[in-house]
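Chain by chain, the residues:
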Amino acid sequence: MTTQQSEPPTGVPPGTAEMVRANQANWDARTPVHVASEFYGLDGSRTAEDWFAPFEWEDLGDLTGRDVLHLQCHLGTETAAFADRGAAHTVGLDFSAAAVTEARRLARTAGRDMEFVRADVHDAAEALGGRQFDVIYTGKGALCYLPDLTAWAGIVSALLRPGGTLYLVEFHPLLDALGPTPSPDRQQLTLHHDYLAGRGPLRSDTTSTYTDGPPVRGATISYEWRHGIGDVVSAVVGAGMGVQLLRETELLPWKRFDSMVPSDNGWWRLPPAEPIIPMLYALRAVKA
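Everything numeric here is computed off the predicted structure, so don't read it as measured data. (Residues numbered from 1 in each chain as written. Predicted model: local features only at pLDDT ≥ 70, side-chain atom pairs only at ≥ 80, totals over all residues. Heavy atoms only, no water.)

K.L.:
Looking at this structure, I do not really get the confidence of the model for the chain. What am I missing?
P.N.:
In low-pLDDT regions, the fine details of the predicted coordinates are not to be read closely. Of all residues in the chain, 94% have pLDDT values of 70 or greater, and the mean over the chain is 91. Confidence drops under pLDDT 50 across residues 1–9; counting only partners more than four residues distant or on other chains, this segment forms 26 contacts. (pLDDT = per-residue confidence, 0-100. Contact = heavy atoms within 4.5 Å.)

What follows is the structure, given as structure tokens:
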């Protein structure tokens, strides 16, 4: 069962710190579900490269000899690709202790030399001992768990060396605002949620996640904040990073809606009869 609403049905709404703790507990509870799922393909049915669109590698360029940090890395399935592509040192950071434990196990099993750090992104600078990186990668379901993009962008800037690159690939806020509505012959996408921030986070209480696998047990409540692209760009620029690239694409790395069809690169898109709308966006910014 899934319910979504802008605030708890009764009582005093929780504070931001309490909501972040709820998200952490929820991702701890999600981790065994995701490890067991076919979606993540941890049995070898999916590779690290499967999680990337070709344009991401074009945008990132050669990673050989570069220090790469992946914020909000979850199981490290994407993080592994940076090590495979020759990064000098690859670090993944996530606030879920369960996810970091699994990420470390998967790295050991694969024989990859990667470091995983358990910390909230807001504490990343301290947790990483003041280290700085050439490239910071994040996204694909990360920003919605951050209540304050201005604070986040300042942390990212502090973690980058001068001339370092932030590369964000994130679900488009239009996609997050849409939801399927049944019609006589097919599902239609209609606006279900806010595109812009302003009315607080969405509260979700569900035993399912975006993957297959068993039900989530224990902490089923989570909170998501809405961030328009204007909010993201303004936060990045305000933290002293210059935006070099902003692209929007109709592609998604998995079949989010029943009507979606495979694209040429193995990702998914809406069928040709449907309007072309942005599902994902990518932003590259460089620290001055």
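There's plenty left to go through after this.
K.L.:
In this structure, what is going on with the pairing of strand β5 (residues 133–139)? I would like to understand it.
P.N.:
The side chains of a regular strand alternate, first on one face of the sheet and then on the other. Extensive coverage of β5 is indicated by the burial of seven of its seven residues. Of the pairings in the sheet, the one linking strand β2 (residues 67–71) to β5 comprises three bridges and is parallel in character. From the neighbouring strand, H70 faces β5, where its bridge partner is Y137. Here six bridges tie β5 to strand β6 (residues 160–171), and the two strands are oriented parallel to one another. Bridged to F133 within β6 is L160. With helix α6 (residues 149–159) bridging β5 and its parallel neighbour β6, the resulting β-α-β unit is right-handed. (Buried < 20%, exposed > 50% of the residue type's maximum accessible area, 1.4 Å probe, protein only. Helix = DSSP H or I, 4+ residues; strand = E, 2+ residues; numbered from the N terminus. Pairing = 2+ DSSP bridges. Right-handed = clockwise from strand over helix to strand, strands pointing away.)

K.L.:
Can you help me understand the side chain of S37 in this one?
P.N.:
Within the secondary structure, S37 sits in the loop between α1 (16–36) and α2 (54–60). At 3.3 Å, the side chain of S37 forms a polar contact with the backbone nitrogen of Y40. Look past the residues within four positions of S37 in its chain and what remains in contact with it is T211 and D212. (Polar contact = N/O pair within 3.5 Å; in protein donor to acceptor, adjacent residues only side chain to side chain.)

K.L.:
Help me understand the layout of surface pockets, please; the structure alone is not making it clear to me.
P.N.:
It is the rolling of a water-molecule-sized probe over the atoms that shows where space remains empty. Counted as a void, the second largest pocket has a volume near 330 Å³. Lining the second largest pocket we find 21 residues, and of these L42, R46, T77, L106 and R112 sit closest to its centre. Counting residues per element, the lining of the second largest pocket draws most heavily on helix α4 (residues 97–110), at six residues. (1 Å grid on protein atoms, 1.4 Å probe; cavity = no way out; pocket = protein on both sides within 12 Å on 5 of 7 lines; lining within 4 Å. Points joined across faces, edges and corners; volume = space filled by probe spheres on them.)

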